[in-house]
Amino acid sequence: MNSTAKNGRALARAGNALPRANLALPWALVTPALGWTLLFFVLPFIAMGISSLTAHEGGGFTRANYSQFFTDPSYWQAMVNSLEVTAIVTVVSVLLAYPFAWILAEQVPERWQRLALMLAVLPFWTSYVVRSYSWLLVLAQNGVINRALTGSGLITEPLQLANTRLATVTGFVHFFVMLLTLTIFANLKQLSPSYRKAAADLGAGPVRTFLHVVLPLTLPGIMVGAFLTFVLCIGDYITPQILGGNNELLMPQLVMMQIGRRGDFPLASALSIILMAVVSVAYFACARWLKIERA
């Protein structure tokens with residue numbers, strides 16, 4: 001009887017230890033990622049939040065840094081400029097990337113698609129700074145475009161293409177079209193051909209099939225690429241600085257200006273948190289689509 005009770009208790013202890021072992025392994029695997037996130041994101045974000053509530057010259061906590069953003073027209077205009085440029089880049093990139101992704105997924109033979117994708121992502125293989133300066137050489141007053149236009153007699157004086165919003169948008173679109181192409185292409189490849197066959201059996205033509213079947217089902221891929229474009233574009237400093245010059249102030253330039261010229265880290269922290277809040281609003285607005293599911 002005693003041996004039976006002892007065996008029962010041993011089995012119970014073994015049964016309790018098994019769930020603990022099963023729980024320990026996932027936590028052991030996820031701990032490095034959690035530690036990395038805590039060390040390089042959560043703690044710096046908390047420090048930036050505390051810094052944004054302090055005065056530049058020292059002293060106690062204050063809301064003046066946030067109030068300055070909403071009361072200073074130049075700061076508010078920098079946010080408006082960033083949103084306008086980002087919206088233009090996102091819309092233009094989607095309009096260019098979708099036909100490109102469609103051609104790669106539907107028109108290019110299967111055996112050539114990998115090669116076509118490799119050629120499509122070649123811009124990712126070069127430095128971001130190099131691409132920006134390359135566009136600056138193309139758009140400069142003595143650049144390729146102005147030389148071609150003046151040489152053909154279409155214009156007599158070089159056009160002001162560099163150091164403009166057009167130059168900034170062009171540089172951004174060149175990069176983000178490839179990013180959007182990849183996300184849309186992946187969604188198109190996951191789309192089962194049976195959907196289009198079913199639409200054709202029900203009497204839908206190619207246009208109606210695209211508008212009512214293909215486009216809604218590939219909307220997640222569009223939204224994922226558009227959101228990534230929004231996040232990367234609104235927080236980019238290099239391209240506006242090189243191609244846009246100082247003719248139009250964007251939020252990343254405004255943040256760097258507080259650090260480089262004034263050494264005002266509290267105000268720069270407040271502006272960065274406001275910019276992050278805008279990105280968070282964009283995320284929650286697009287959250288329902290930010291998932292590519294298998295068709």
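Treat the numbers as computed from the prediction; the structure is a model and nothing was measured.

Draft legend 1. Quick look at the pattern of salt bridges. One pass over the full model with this rule turns up five salt bridges. Across the pair Glu84 and Arg165 runs a salt bridge, and its minimum N-O distance is 2.9 Å. With a gap of 81 residues between them, Glu84 in helix 3 (residues 73-107) and Arg165 in helix 7 (residues 165-190) connect regions that are remote in the sequence. We classify Glu84 as partly exposed; its relative accessible area is 34%. Take Arg165: its relative accessible area is 25%, and that puts it in the partly exposed class.

Draft legend 2. Expanded view of the packing of helix 3 against helix 4 (residues 110-120). Contact geometry for helix 3 and helix 4: axes closest at 9 Å, N-to-C directions at 155 degrees. Comparing the axis directions of helix 3 and helix 4 gives the class roughly antiparallel. As helix 3 runs across helix 4, the sense of the crossing is right-handed. Note on element contacts: helix 4 touches helix 3 through Gln113, Ala116, Leu117 and Ala120, opposite Phe100, Leu104 and Ala105. In the contact of helix 3 with helix 4, the residues fall into six nonpolar, one polar and no charged.

Definitions and cut-offs
Residues numbered from 1 in each chain as written. Predicted model: local features only at pLDDT ≥ 70, side-chain atom pairs only at ≥ 80, totals over all residues. Heavy atoms only, no water. Salt bridge = Lys/Arg side-chain N within 4 Å of Asp/Glu carboxyl O. Helix = DSSP H or I, 4+ residues; strand = E, 2+ residues; numbered from the N terminus. Buried < 20%, exposed > 50% of the residue type's maximum accessible area, 1.4 Å probe, protein only. Axes fitted to C-alpha atoms, helices over the stretch in contact; angles between N-to-C directions. Parallel < 35°, antiparallel > 145°, perpendicular 65-115°, else oblique. Left-handed = near helix turned anticlockwise from the far one by under 90°. Contact = heavy atoms within 4.5 Å. Nonpolar A, V, L, I, M, F, W, Y, C, P; charged D, E, K, R; others polar.

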